[in-house]
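# Working through the structure, step by step
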Amino acid sequence: MELVPKIETVGLNLYYGDFLALKGINMKIPGQNITAIVGPSGCGKSTLLRCFNRMNDLIEHTKVEGKIVIDGLNILEPDTDLISLRKKVGMVFQRPNVFDLSIYNNLKFGLRIHRMLDGKDEIIQSIRGGLEQVGLWQELKDKLGNNARTLMLEQQQRLCIARVLILKPDIILLDEPCSALDPIATLRIEELLQALKQEYTLVIVTHNMQQAARASDYTGFMYLGELVEFGQTNQVFTNPKQELTENYISGHFG
Amino acid sequence: MIRKSFAEHIKELEKEVTVMGEMVVAAINRSIEALKARNVAEGKQIINDDALINKKRWDIEEKCINLIATQQPVASDLREIVAVLCVVTELERMGDYAEGIGKIVVMLGTEPLVKPLVDIPQMADIGVNMLKRSIDAFLRRDAEAAKAICAEDDEVDLLHEQVYRELLSYMIEDPKTITRATYLIWAAHNLERIADRVTNICERTIFLVTGTMTEVNVSRY
């Protein structure tokens, strides 16, 4: 059965100045699944991820060719509304980037930027919903005024995910979301991602092969700016089609 | 429990083992009923249906391989998956023994049996009972129960020897019975093998619980 892709890239090239960082990427990412992108450092996986909400626009001298189609629309078109694109395609980073504000204000921040809610009750409801989704409400409901930086790293990362969720995105991009966390916290975040995939499309970049194997439904393997292989995670990790993939995932290089 | 999704995978795997066990139990029971009723058509059906048991085994095996490749199981999680791989191999072979009895039913056709079936159905009853409880012990990780089940294998061995001696005497008395008596010896042998493979499942349960592989029943010869 051919899945209708949530995100599709067609002949995607990306240049940093003269350097071709992504080479003709053709990829179909299915909706409501977790897709992992793996590959050695510098292979272009984070660059690819940042294309999906046009974060690369913020870097000077980048040039993009090809198409990135999300829900049928090419987001590389010049008239794309970047504010609403980044609301629809949220992002979580390597280190939890909470703001130096209270937990409450961290969550309210995005709502205010996107002018989503006005009434205080509505805001509280929305914040509660976000914290519940990431399993933090019980722990934090009486501490919403505390500075978010006082939280443990795992809680901070959960808070960052909640901050994305309350903007009601469709797609969540995660760039090495567990690399600052210990193994137990990592597993708990992975469990959270499993729960979230019922409603959202998740794309996760990771250098941790075991994490990709454990936590994803689809895996793309990138090498030197090219997408070498893309397939169901079970297939990629038990019977990869490309020798390069096999050598990389079995630790023979990289 | 932190890795909820892994626990769910294991639960699903255990459910599959239960289903496969039930399939094998049904195949053995059907083969003995077909032998008693001299039902050639049912014998053929049992032979065909063995393919379903084989397929179930491959499906479970594939799930195990996927779990090893993607979930990096260690310690008791790893032992469980390895044990499941062994258990389904035993079950698949038991299915083949039931299929073998189905073949005997077909080969015997409607010719009269050389003797009334008493010990053979009893061997099957004991074997099936051991099998059901061995899977239960496996799923409950009950090493003590597994050890106790192994002891019951002696009973099946004794019945097997009894059937063998009895049929041998029929053959000596009347060489015309040799073909038919040999078929029955073969059926009894299949049932003896089934009970023996149940003890292998029990050994895997002990391995799962203790982490050590021990042979519970040592051959008397």
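Further up the page is the structure itself.
This structure is a prediction, so every number in the text was calculated from the model and none was measured. Counting of residues starts from 1 at the beginning of each chain's written sequence and follows it residue by residue. Chain letters start at A and ligand numbers start at 1, both assigned in the order the entries are written. Reporting of local features is limited, given that this is a predicted model, to residues whose pLDDT is at least 70; pairs of side-chain atoms are given and counted only at 80 or more, and all residues count toward the totals for whole chains, interfaces and linings. Note that the side-chain values use all heavy atoms of the structure and ignore hydrogens as well as water.

## Looking at the interface of chain A and chain B
Listed per partner, the contact involves twelve residues of chain A and ten residues of chain B. Buried area counts how much accessible surface, traced with a 1.4 Å probe, disappears from two parts once they are put together, with both parts' losses summed. Across the interface of chain A and chain B, roughly 980 Å² is buried in total on both sides, 59% from carbon and sulfur atoms. Think of a salt bridge as a Lys or Arg side-chain nitrogen and an Asp or Glu carboxyl oxygen that are within 4 Å of each other. Remark: the boundary between chain A and chain B carries zero salt bridges. Pairing of N or O atoms within 3.5 Å defines a polar contact, subject to two protein rules: one partner must be a possible hydrogen donor and the other a possible acceptor, and residues neighboring in sequence count only if both atoms are side-chain atoms. Put simply, chain A and chain B have four residue pairs in polar contact (both at pLDDT 80 or more) between them. Contributions of two or more residues to the side of chain A that touches chain B are made by helix 7 (183-196), helix 8 (209-215) and helix 9 (233-238) of chain A. With five residues, helix 7 of chain A is the largest single contributor of residues to the side of chain A that touches chain B. The class makeup of the residues in the side of chain A that touches chain B is four nonpolar, five polar and three charged. For this analysis, residues touch if any pair of their heavy atoms sits within 4.5 Å. Helix and strand definitions follow DSSP, with helices as H or I runs of at least four residues and strands as E runs of at least two, each counted in order from the N terminus. Residues were grouped as follows: Ala, Val, Leu, Ile, Met, Phe, Trp, Tyr, Cys and Pro as nonpolar; Asp, Glu, Lys and Arg as charged; and all remaining residues, including Gly, as polar.

## Considerations on the sheet that holds strand 5 (residues 73-74) of chain A
What links the strands of a sheet is backbone hydrogen bonding, and the strands pair in either a parallel or an antiparallel sense. Residues and elements named next belong to chain A. Taken in spatial order, the four strands of this open sheet run 2-1-4-5, and their pairing is antiparallel. The strands lining the two open edges of the sheet, one partner per strand, are strand 2 (19-30) and strand 5. For two strands to pair, DSSP has to find at least two bridges joining them. Here strand 1 (residues 5-16) pairs with strand 4 (residues 62-70) via eight bridges, running antiparallel. Bridge pairing links Glu 8 to Val 69 in strand 4.

## Comments concerning the packing of helix 6 (residues 153-165) of chain A against helix 7 of chain A
All names here are of chain A. In this analysis an axis means a line fitted to C-alpha atoms, helices contributing only their contacting stretch, and an angle means the value between N-to-C directions, from 0 to 180 degrees. Relative to each other, helix 6 and helix 7 sit at 20 degrees, their axes nearing to 10 Å. Considering the angle they form, helix 6 stands roughly parallel to helix 7. Crossing of helix 6 over helix 7 shows right-handed handedness. Taking contact as the criterion, the partners of Glu 154, Gln 157, Arg 158, Ile 161 and Leu 165 in helix 6 are, on helix 7, Ala 185, Arg 188, Ile 189, Leu 192 and Leu 196. To sort the angles, those under 35 degrees are grouped as roughly parallel, those over 145 as roughly antiparallel, those from 65 to 115 as roughly perpendicular, and the leftovers as oblique. In a left-handed crossing the near helix is turned counterclockwise from the far helix by less than a right angle, and in a right-handed crossing that turn is clockwise.

## Looking at the pattern of salt bridges
Two side chains carrying opposite charge are able to pair once their charged atoms lie near each other. All names here are of chain A. Following the criterion strictly, the structure yields 33 salt bridges over all chains and no others. Glu 190 is the salt-bridge partner of Arg 214, the closest N and O atoms lying 2.7 Å from each other. Here the residue Arg 214 occupies a position in helix 8, and Glu 190 occupies one in helix 7, the gap between them amounting to 24 residues. The burial state of Arg 214 is the same as that of Glu 190; both residues are buried. Each of the salt bridges in this network shares a partner with another, and the network as a whole consists of Lys 6, Asp 71, Lys 88 and Asp 170. Partly exposed residues are those whose accessible area sits between 20% and 50% of the maximum for their type, while under 20% is buried and over 50% is exposed, using a 1.4 Å probe and protein chains only.

## A few points about the side chain of Thr 177 of chain B
All names here are of chain B. Topologically, Thr 177 is positioned in the loop between helix 6 (153-173) and helix 7 (178-210). Judged by its relative accessible area of 8%, Thr 177 falls in the buried class. At a separation of 2.7 Å, a polar atom in the side chain of Thr 177 contacts the main-chain carbonyl oxygen of Asp 174. Not counting chain neighbours up to four residues away, the residues in contact with Thr 177 comprise Val 114, Tyr 170 and Met 171.

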